[in-house]
Amino acid sequence: MTRTASVSYAIVLACVLAAGTARAETPCGEGRMKSGECINPVLARAMRHDAIVRAQPKISLTAPLNLPSEDRFYPAARDHHEESAFYGFPAERPGIPRP
Amino acid sequence: MSSNGFRVSIAAGLLLMTALSSLSPAVAQEQTTQQLPLPTGQAQTQSADKRWQVTLDSAWNSFSTTTTSPTVAGWSKSVTNYFPVGMQFVGIPNDALKIEFGLRSGYLDVRQRSSSAADFGYSGWTDTSINTTLTYYGFDGFQPFASLAANLPTGQSNIVSATVKTPADSDVTQISGLGEGFNLGPTLGVNVPITKDLLATLSAGYTSRGNFIRSGVNAIFINQPGFGPLQDIKPGDVTTVSAAIGYQSGAWSFQASSSFSYEGVTTVDGANFYQTGGRYALSAGLGYAWNEAWSSKISSSFSHTGKNRYPLAPAAGNFQLAQEFFNTNSDAVSVAFDTTYRAGAFAIGPTASYLYRDHNGYDSDTAQFLSAKTKWTAGAAAQYAANDMVSLNARAERLWMTTNAGPFAPLPGVPQFNIDGWIISVGGKAQF
């Protein structure tokens, strides 16, 4: 697990180091197309954050990765059986799922 | 007016408002951020000369419900006050790199009353999540990003209060339980622009979930994992891949995404407990700005989870997993619709949503599926931008929820429950 996280950051940091300092072109905000044209920054930022939230559907059951004002836009994946096993009463016993 | 009549009135009002707004001439759209079927918060961009930005975000959310049944005497009431707080830091150290850091926690106060039991309640902090994302802009044609998120167990997983008997409904509050263990989740992804306004995004994430303690069965005379006074639960790790496409230009915006999650085995006291089936999720949203003042958004989602696996014969010491015959999990469909009227710094509009679950679970004790669930909400949302840095938002929605209703209900022997209530939210956001 720790190795996976380390590799993730190593890749990005390697890219940063390889890039060196800032490019001479005018900053785009959220990067460029192959042609060099700036991409839509609003769309790019929203898509990136959406992808991260979707890739971590069970990172936290009480503290999602978005700001509170964005809760309506990121309805979390509800696993009712898991909620029952984690928080139901009486506790679920192995072999006898309690809905 | 009956609740059905009220809902029809709301729907007719939305259609009329939409039709009237379409009579206005379409003009060049300046408020595309409001039509994107994604958070308006995400729509905010940083100016090139502002390389560091901090956002503070908080709200008071109140969920109050009353549950009754046409066939079961009595009632129960639940009031949940939820105070989430969040912070986001965005930095651009150079033109090739963006660093984003997010932190979120919250405080819960749950009060429950019923006609047949004593009042009880619980107050406490939720867990805290942190998230760091690095995005690299050195390549023309694609922008990779890496993220590392964590759940810090600042909440309570082992609640002694009787509130644990009936935790708040996550279909209402959007939060499940009161706390869990330490989770760590790296994500790798990439934005690939097809045109400057049409992007594809691919991502893959892994969530390592830590163990936590909860109250157990307390049948200590049974020498078997999971039957002690406490249960040591280790949730299964989750691997998720997702793909999405998004478009935004002029008056139109569109976004569609899909994901698949594979979950590992959840254990209790070191023995196999269950393994949740694979989960597919689809979602799509469409936004349109009718004119400079009016815009509308509609979004929908669908999710399906496959059959779980359970131990074959734990009483005999056999914890080998086998797939269940019926699917314990439910499919869920949701649709949400918003229309916004904006005049200067003020915006207001109606909002409505619908949720349907085909069933909530399978009870092996009674050998039947538990009931379906239908939820409607309708209300209004408003936002006021006090200045360039501070904005306030408020929302009020009426809630109607019914269990054991729907195309395949009612199920024999399962009582129907009607849950009516209100969802109130007041919040603010400041950016520096």
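Definitions and limits used
- Residues numbered from 1 in each chain as written.
- Chains lettered and ligands numbered in written order.
- Predicted model: local features only at pLDDT ≥ 70, side-chain atom pairs only at ≥ 80, totals over all residues.
- Heavy atoms only, no water.
- Helix = DSSP H or I, 4+ residues; strand = E, 2+ residues; numbered from the N terminus.
- Contact = heavy atoms within 4.5 Å.
- Areas by Shrake-Rupley, 256 points an atom, 1.4 Å probe, with all protein chains shown as cover.
- Buried < 20%, exposed > 50% of the residue type's maximum accessible area, 1.4 Å probe, protein only.
- Polar contact = N/O pair within 3.5 Å; in protein donor to acceptor, adjacent residues only side chain to side chain.
- Buried area = accessible area lost by both parts, 1.4 Å probe.
- Salt bridge = Lys/Arg side-chain N within 4 Å of Asp/Glu carboxyl O.
- Patch = residues over 30% accessible without salt bridge, like charges linked within 9 Å, V, L, I, M, F, W, Y side chains within 5 Å.
- Expected span 1.5 Å × (residues − 1).
- 1 Å grid on protein atoms, 1.4 Å probe; cavity = no way out; pocket = protein on both sides within 12 Å on 5 of 7 lines; lining within 4 Å.
- Points joined across faces, edges and corners; volume = space filled by probe spheres on them.
- Nonpolar A, V, L, I, M, F, W, Y, C, P; charged D, E, K, R; others polar.
- Disulfide = S-S within 2.5 Å.
- pLDDT = per-residue confidence, 0-100.

**Examining the overall build of chain A**
Move 1: For chain A, the count of helices and strands is three helices and zero strands.
Move 2: If you list the helices and strands of chain A from N to C, you get α-α-α.
Move 3: Across chain A, every contact between residues at least 6 apart in sequence was considered, and the portion connecting residues at least 24 apart equals 12%.
Move 4: Roughly 3,900 Å² of accessible area belongs to chain A as shown, and the carbon and sulfur atoms make up 61% of that amount.

**Let's talk about helix α3 (residues 80-87) of chain A**
Residue and element names in this part refer to chain A.
Move 1: Counting buried residues in α3 gives eight out of eight residues, a clear majority hidden from the surface.
Move 2: Along α3, the residues that are buried comprise H80, H81, E82, E83, S84, A85, F86 and Y87.
Move 3: For α3, the N-terminal cap is D79; the gap from its side-chain oxygen to the backbone nitrogen of H81 is 3.3 Å.

**A closer look at the interface of chain A and chain B**
Move 1: Taken together, the 80 residues of chain A in the interface contact 144 residues of chain B.
Move 2: Its largest share of buried area at the contact with chain B, chain A owes to A:R45, A:R72 and A:Y87, together 8% of the area lost on that side.
Move 3: On the surface where chain A and chain B come into contact, there are eight salt bridges.
Move 4: Close ionic contact of A:E82 with B:R209 constitutes a salt bridge, the shortest N to O distance being 3.0 Å.
Move 5: Summed over the shared surface of chain A and chain B, the result is 42 residue pairs in polar contact (both at pLDDT 80 or more).
Move 6: Mapped onto the side of chain A that touches chain B, the elements with two or more residues apiece are α1 (2-19), α2 (41-55) and α3 of chain A.
Move 7: A per-element tally of the side of chain A that touches chain B places α2(A) first, with 14 residues.

**Looking at the pattern of salt bridges**
Move 1: Applying the stated criterion across every chain yields a total of 21 salt bridges over all chains.
Move 2: Among the ionic pairs, A:R54 bridges to A:D50, the shortest N-O distance being 2.9 Å. Taken as a pair, A:R54 and A:D50 lie in helix α2 at a separation of four residues, close to a single helical turn.
Move 3: Judged by its relative accessible area of 2%, A:D50 is buried.
Move 4: Across the pair B:D237 and B:K234 runs a salt bridge whose closest N-O atoms are separated by 3.1 Å.
Move 5: Given a relative accessible area of 22%, B:D237 falls into the partly exposed group.
Move 6: Residues joined by salt bridges that share partners form a network here, namely A:E30, A:R45, A:R48, B:K98 and B:E100.

**Here's the deal with the environment of B:L282**
All names here are of chain B.
Move 1: Mapped onto the fold, L282 is located in strand β15 (residues 279-289).
Move 2: Looking at L282, the relative accessible area reads 49%, which means it is partly exposed.
Move 3: Along the sequence, L282 and A244 sit 38 residues apart, while their C-alpha atoms lie 9.6 Å from each other.
Move 4: In this view, L282 contacts S257, S258, S300, S301 and F302; residues no more than four positions away in its chain are not counted.

**Here's the deal with a nonpolar patch on the surface**
Residue and element names in this part refer to chain B.
Move 1: There is a patch of nonpolar side chains on the surface, built from I194, I245, Y247, W252, F254, L282, L286, I298, F302, V333 and V335 and spanning about 890 Å² of accessible area.
Move 2: Of all the elements in the fold, those that place two or more residues in the nonpolar patch are β11 (238-249), β12 (252-263), β15, β16 (294-305) and β19 (332-343).
Move 3: Examined against the element boundaries, Y247 turns out to sit in strand β11.

**A closer look at α2(A)**
All names here are of chain A.
Move 1: Across its 15 residues, α2 extends 21 Å between first and last C-alpha, which sits within 8% of the 21 Å expected from 1.5 Å per residue.
Move 2: The buried fraction of α2 is high, at 13 of 15 residues.
Move 3: Capping the start of α2 is the job of one residue whose side-chain oxygen sits 3.1 Å from the backbone nitrogen of V42: N40.

**Brief notes about empty space enclosed by the protein**
Move 1: For the structure shown, the criterion picks out seven cavities of 30 Å³ or more.
Move 2: If you go around the largest cavity, you meet 21 residues; those closest to its centre are A:H49, A:L65, B:Q88, B:G102 and B:N131.
Move 3: The element contributing the most residues to the lining of the largest cavity is strand β3 (residues 97-114) of chain B, with five residues.
Move 4: A class-by-class count of the residues in the lining of the largest cavity yields eight nonpolar, eight polar and five charged.
Move 5: Looking at the second largest cavity, it is lined by 13 residues, and the ones nearest its centre are A:K58, A:D79, B:E263, B:T276 and B:R279.
Move 6: Here the residues of the lining of the second largest cavity sort into four nonpolar, four polar and five charged.

**Considering the state of the cysteines**
All names here are of chain A.
Move 1: Applying the stated criterion across every chain yields a total of one disulfide over all chains.
Move 2: Each sulfur of the disulfide joining C28 and C38 lies 1.8 Å from the other. One disulfide, between C28 and C38, carries an S-S torsion of -75° and so falls in the left-handed class. Pair noted here: C28 is in the loop between α1 and α2 and C38 is in the loop between α1 and α2, with a separation of 10 residues, a long-range link.

**A few points about the confidence of the model for chain B**
Residues and elements named next belong to chain B.
Move 1: Within chain B, residue pLDDT values average 82, and 81% of them lie at 70 or more.
Move 2: Below pLDDT 50 for its whole length, residues 1-35 participates in 58 contacts with residues either more than four positions away or in separate chains.
Move 3: Counting interchain partners and residues more than four positions distant, the pLDDT-below-50 stretch residues 38-45 has 28 contacts.
Move 4: Model confidence for the complex: the whole-complex pTM is 0.83, and ipTM, which rates the interface, is 0.84.

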